[in-house]
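# Observations on the model geometry
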Amino acid sequence: SDPVNYQFELSEPDTAATLKKSLMEMSFPRGCRKSRLLAFLATRSDNREVIGLVYLTLEPDHLRATLGVKIHHPWQGMGFGGEAVGAVSDFAFRTLRVHRLAAACDARNTACVRLFESLGFRREGELKDCVYHRERGWVDCLMFAKLAGE
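The notes below deal with the structure included here. All values derive from a computational prediction rather than experimental measurement. (Residues numbered from 1 in each chain as written. Predicted model: local features only at pLDDT ≥ 70, side-chain atom pairs only at ≥ 80, totals over all residues. Heavy atoms only, no water.)

Applying the stated rule across the entire model yields ten salt bridges. With a shortest N-O distance of 2.5 Å, R100 and E124 are connected by a salt bridge. Of this pair, R100 sits in strand 4 (residues 100–106) while E124 sits in strand 5 (residues 122–133), placing them 24 residues apart in sequence. For R100, a relative accessible area of 27% puts it in the partly exposed group. Of the residues examined, E124 reaches a relative accessible area of 38% and is grouped as partly exposed. Here the salt bridges do not stand alone but share partners, grouping R100, R122, E124 and E150 into one network. (Salt bridge = Lys/Arg side-chain N within 4 Å of Asp/Glu carboxyl O. Helix = DSSP H or I, 4+ residues; strand = E, 2+ residues; numbered from the N terminus. Buried < 20%, exposed > 50% of the residue type's maximum accessible area, 1.4 Å probe, protein only.)

In this section: helix 4 (residues 110–118). Regarding helix 4, the residues found buried are C112, V113, L115 and F116. Projected down its long axis, helix 4 shows its buried positions confined to an angular sector of 160°, all on one face. Exposed and facing more than 90 degrees away from the buried side of helix 4 are T110, R114 and S118. Buried-residue contacts for helix 4 involve strand 3 (64–71), helix 3 (80–95), strand 4, strand 5 and strand 6 (137–147). Of the residues trailing helix 4, G120 is marked for its positive phi of about 90°. (Arc of directions from axis to C-beta. Contact = heavy atoms within 4.5 Å.)

So, on to the sheet that holds strand 2 (residues 50–59). Two modes of strand pairing occur in sheets, parallel and antiparallel, and in both the strands are linked by backbone hydrogen bonds. Across the sheet, six strands lie side by side as 1-2-3-4-6-5; this open sheet has mixed pairing. The open sheet has two edge strands, strand 1 (37–43) and strand 5, and neither has a second partner. Neighbour-to-neighbour, the strand axes of this sheet turn through a mean angle of 25°, independent of strand direction. Across the face of the sheet, helix 3 comes into contact with strand 1, strand 2, strand 3, strand 4 and strand 6 while running at roughly 30° to strand 2. Strands strand 3, strand 4, strand 5 and strand 6 of the sheet are contacted by helix 4, whose axis makes an angle of about 165° with strand 4. (Pairing = 2+ DSSP bridges. Axes fitted to C-alpha atoms, helices over the stretch in contact; angles between N-to-C directions.)

Encoded structure:
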């Protein structure tokens, strides 16, 4: 649990054990309506090293999903986040046929803001004190969304 990875996280750092447990709980469902949570590992194409995670929380009754992303700090700023979020966004729109894809990030995380905006997500608002973090106190969040066909 590298502290740099969690500089802008809205939750506490995972230990190896809790991360493994979380991934097991998020295993791919037979039907998305049952699980409502899909996790995708971001890997390097040359050696399959895991460099991050992109997840979708589905609301199938409303044809929408929320996207989250974590790219480990050695790989940040190299385009991997954009590639991973872009691929999962395409999957959400084309395969799952969601109409609305939302995302949120720490308002201070300028790299994440640039990532979402570069992929066509529009900033929809700011939530003051939306999450309490044990070490940083109250954290403001920026909300983004993209509609199918945009």
